[in-house]
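Analysis of the macromolecular model
One letter stands for each residue in the lines below.
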Amino acid sequence: MGYDDAPAGRAADRLAVAEPPRKTIRARRPLTPQALVERADVAPRTAEAATVLRIYRRRREEHAALYVAEMRDLASLWTEEDEGDEKTLHALAAATGLRTKLGRGETRLRDAHVAVTDLPACFSRVAAGELPTDWFEWLLRSVLRLTSHQRRQVDERVAAWQVDAIDVERFYRELRLLIDWFGRAAVQETPREQRAVHLTPSPDGDGTGCLTVVGPIPELLALGHRLDAAARAVQDAQRRALETGGTILYDVDGDVARDGRHMPLSALRYAILTRSRLDTGGVEVPEPAFRLSVVVPVLTLLGRSNAPATLDGTIPIPARMARELAAKAPAFERVLADAATGDYAHAASKTYRVSRAMAENLRLIDPVCAVPGCDCTVMSVGESDHIEEFDLEHPARGGPTAIENLHRLCRRHHRMKTAGLLDPVRDETTGVTRWRIGEIAVCDARRDGDLVTRELGQHLRRAWEQYEADLEFEAILHSGALDESPQERLDAIEEQRWGEHLLEYWSRPDTGGAEDPDDPGDPDDPGPPGLDPRCGYGPPPF
Ligand SMILES: [Zn+2]
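Residues numbered from 1 in each chain as written. Predicted model: local features only at pLDDT ≥ 70, side-chain atom pairs only at ≥ 80, totals over all residues.

**Quick look at the overall build of the protein chain**
Assigned secondary structure in the protein chain consists of 19 helices and 10 strands. Buried residues in the protein chain amount to 21% of all 542 residues. Restricting the contact set of the protein chain to residue pairs at least 6 apart, pairs at least 24 apart contribute 57%. (Helix = DSSP H or I, 4+ residues; strand = E, 2+ residues; numbered from the N terminus. Buried ≥ 20, exposed ≤ 12 C-beta atoms within 10 Å, placed from the backbone. Contact = placed C-beta atoms within 7 Å.)

**What to know about the sheet that holds strand E8 (residues 422-426)**
With respect to topology, three strands assemble into an open sheet ordered E8-E9-E10, the strand pairing being antiparallel. Both edges of this open sheet fall to E8 and strand E10 (441-446), since each of them pairs with a single strand only. For this sheet the average axis-to-axis angle between neighbouring strands, irrespective of direction, equals 20°. Across six bridges, the pairing between strand E9 (residues 432-437) and E10 is antiparallel. Note on E10: the bridge partner recorded for Thr433 is Ala445. (Pairing = 2+ DSSP bridges. Axes fitted to C-alpha atoms, helices over the stretch in contact; angles between N-to-C directions.)

**Quick look at the packing of helix H4 (residues 85-98) against helix H5 (residues 102-118)**
With their axes 8 Å apart at the nearest point, H4 and H5 run at an angle of 105° to one another. Compared by their axis directions, H4 and H5 come out roughly perpendicular. For the pair H4 and H5, the contacting residues are His90, Ala91, Leu92, Ala94, Ala95 and Leu98 in the first and Leu102, Arg104, Gly105, Glu106, Arg108 and Leu109 in the second. (Parallel < 35°, antiparallel > 145°, perpendicular 65-115°, else oblique.)

**Regarding the nonpolar core**
Counting residues in hydrophobic clusters, the biggest one holds 48 residues, and the most contacted among them are Cys122, Val126 and Leu139. Looking at this core, the elements with two or more residues in it are helix H3 (47-76), H4, H5, helix H6 (120-127), helix H7 (133-142), helix H8 (148-159), helix H9 (168-180) and E9. Excluding anything up to four places from it in sequence, Val126 contacts Ala64, Tyr67, Val68, Leu131, Thr133 and Phe136. Ranked by size, the runner-up nonpolar core spans 15 residues in total, among them Ala309, Leu311, Ala319 and Ile403. (Core = buried A, V, L, I, M, F, W, Y, C linked by C-beta atoms within 7 Å.)

**Points about the environment of Ala160**
Inspection of the secondary structure assignment puts Ala160 in the loop between H8 and H9. The partly exposed category is assigned to Ala160, around which 15 C-beta atoms lie within 10 Å. Along the sequence, Ala160 and Cys122 sit 38 residues apart, while their C-alpha atoms lie 8.7 Å from each other.

**Observations concerning the sheet that holds strand E4 (residues 309-311)**
Taken together, three strands build an open sheet; the order of strands is E3-E4-E5 and the sheet is antiparallel. Both outer strands of the open sheet, strand E3 (294-295) and strand E5 (315-317), are each paired with one neighbouring strand and no more. Pairing of E3 with E4 involves two bridges; the strand directions are antiparallel. Following the sheet pairing, Val295 is matched in E4 by Thr310.

**Side note on the packing of H7 against H9**
In helix packing, the relevant descriptors are the interaxial angle and the interaxial distance, both defined with respect to the helix axes. With their axes 11 Å apart at the nearest point, H7 and H9 run at an angle of 15° to one another. Looking at the two axes, H7 sits roughly parallel to H9. Crossing geometry of H7 relative to H9 is assigned as right-handed. For the pair formed by H7 and H9, the contact residues are Trp135, Trp138, Leu139 and Ser142 on the first element and Phe171, Tyr172, Leu175 and Ile179 on the second. Looking at the contact of H7 with H9 residue by residue, the class counts come to seven nonpolar, one polar and no charged. (Left-handed = near helix turned anticlockwise from the far one by under 90°. Nonpolar A, V, L, I, M, F, W, Y, C, P; charged D, E, K, R; others polar.)

**Topic: the confidence of the model for the protein chain**
Taken residue by residue, the protein chain gives an average pLDDT of 80. The fraction at 70 or more is 78%. Within the protein chain, H6 carries the highest mean pLDDT (97), whereas helix H1 (residues 11-15) carries the lowest (48). This stretch, residues 345-349, has a pLDDT under 50; its non-local contacts, to residues over four places away or in other chains, come to 11 contacts. Confidence over residues 513-518 falls short of pLDDT 50; this stretch has five contacts with residues more than four positions distant or in other chains. (pLDDT = per-residue confidence, 0-100.)

**Things to note about the pairing of E9**
As judged from the five bridges shared by E8 and E9, these two strands associate in the antiparallel manner. The partner of Arg426 across the bridge, within E9, is Thr433. The hairpin turn running from E8 into E9, its antiparallel successor, is five residues long, and Gly431 in that turn takes a positive phi close to 80°. Counting the residues between successive antiparallel strands, the hairpin from E9 to E10 contains three residues, one of them, Gly438, with a positive phi of roughly 55°.

**Brief notes about H7**
Of all the positions in H7, only Phe136, Leu139 and Leu140 are classed as buried. Taken end-on, H7 shows its buried residues confined to a sector of 100°, consistent with a single buried face. Of the exposed residues in H7, those oriented more than 90 degrees away from the buried face are Asp134 and Arg141. Structurally, H7 contributes buried residues whose contacts are with H5, H6, H8 and H9. (Arc of directions from axis to C-beta.)

**Quick look at unusual backbone geometry**
Positioned with a positive phi, Asp41 is a non-glycine residue whose angle comes to about 65°. Mapped onto the elements, Asp41 comes out in the loop between helix H2 (33-40) and H3. Notably, Arg99 is not glycine yet its phi reads approximately 55°, a positive angle. Mapped onto the fold, Arg99 is located in the loop between H4 and H5. A count of 11 C-beta atoms within 10 Å places Arg99 in the exposed class.

**What to know about the environment of Arg108**
With respect to the helices and strands, the residue Arg108 is situated in helix H5. On a C-alpha basis, the gap between Arg108 and Ala94 in space is 8.2 Å, while along the polypeptide they are 14 residues apart. Non-local contacts of Arg108, meaning those with residues more than four positions away in its chain, are made with Leu74, Ala94 and Leu98.

Next comes the structure, spelled out in structure tokens:
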């Protein structure tokens, strides 16, 4: 049967005949305060013991009550519809309330629904303070791939365990055994279901990224073999060309001709993979509407600052790499940004169409969908949208086609906004957009103003302060307030001369001054001899 495993749903057929076993899971003794303190391995009746008990009681009572109340609220926002707008709207509202990202909001809604609907017995044990919330969250994650019917079977069994007294390892072990009973399909996605490609920029911002291809191993192995064979063939051809003096093929950076060495296999595999034409089975793929953008602060470009640049609006790249990219680029687009706010300098337009330049600028302002909490990247697939609708018949009345009145949205949220489910209103003075999410929630979002990096901002501010200080200093110099009189200058020279004289005298071994700092010295020491007066000046005033 190869790697094509039975999908999760089919496991349910098997269960028509058999049910998971009902094991009796009991603790050897009840979990009394005394037993808890013993398990915590702290001395009874100490401050530590009191703290452990306080944490335990707070979890059991206040924490459990808050958790249950929140889950009930979230569950009430759940809708059965699979991919509808209402579902998204509710998830957005939940994410707003939780102050989390949209994806997390969706997960919390689903979990709350599963908790209330499919795991009611365990959920009521959480409410009673008997099943810790952490355990319950683990239970939720464990049953996600089960059918509703299977979840209830799990719920019934786990709720019958003595969860208020067994220890945590026992719970996790027994739960795993119970879930395993439903088969591997219940625990893990099949290799086919896991097929995916992910791009992860390096978290160090070092200018590298990682492309991960996940899928059934036979398919990936075959790809690996094909790639390897291609790289070896190219390498052999390069080797032969170097030996015979023939034309060097596939010399990507000209290194082979320059160094007289064929490319290494790893570099060849990379070059072949990244330059491959993609097979889409005859489907036309439109040219990308936008270029790959690199935003480089001008001081970085000039080598005066190392503030990082961004690639496609979201991925930081090192200053050096940005300079190299800029050096190789055939053309630049200069974007003027306000140094303090990072806002663009721009001009409004009376036409509905968003100009190409405006669209390019917009995608730099909103590299991710402007809807609060949505983290869809809209650099290439998003849509430009008028915040206040453009009035096609009376252009002067509606919202203008200007950067201030435009933002970029992901396709789903653009559709929902057009349908009136999402309604943004931007405050002209503050630039803050107030979003009304259906009839459920309202949330404010500040417009992205991160074009100028914080480092660069500080750099510019410091330069400005220095400039102002220099101006002030110059003004004082010009006023002559700092000028010394000829007498003052001569006094200073004389002070210096006496200082050096004294220092030299007390440092000599015969005067003993420098030998021992605690030695009071010879009280009869007459001290250093006087200096010849210079130009008629006496000893300084000390
Ligand atoms: Zn969105």
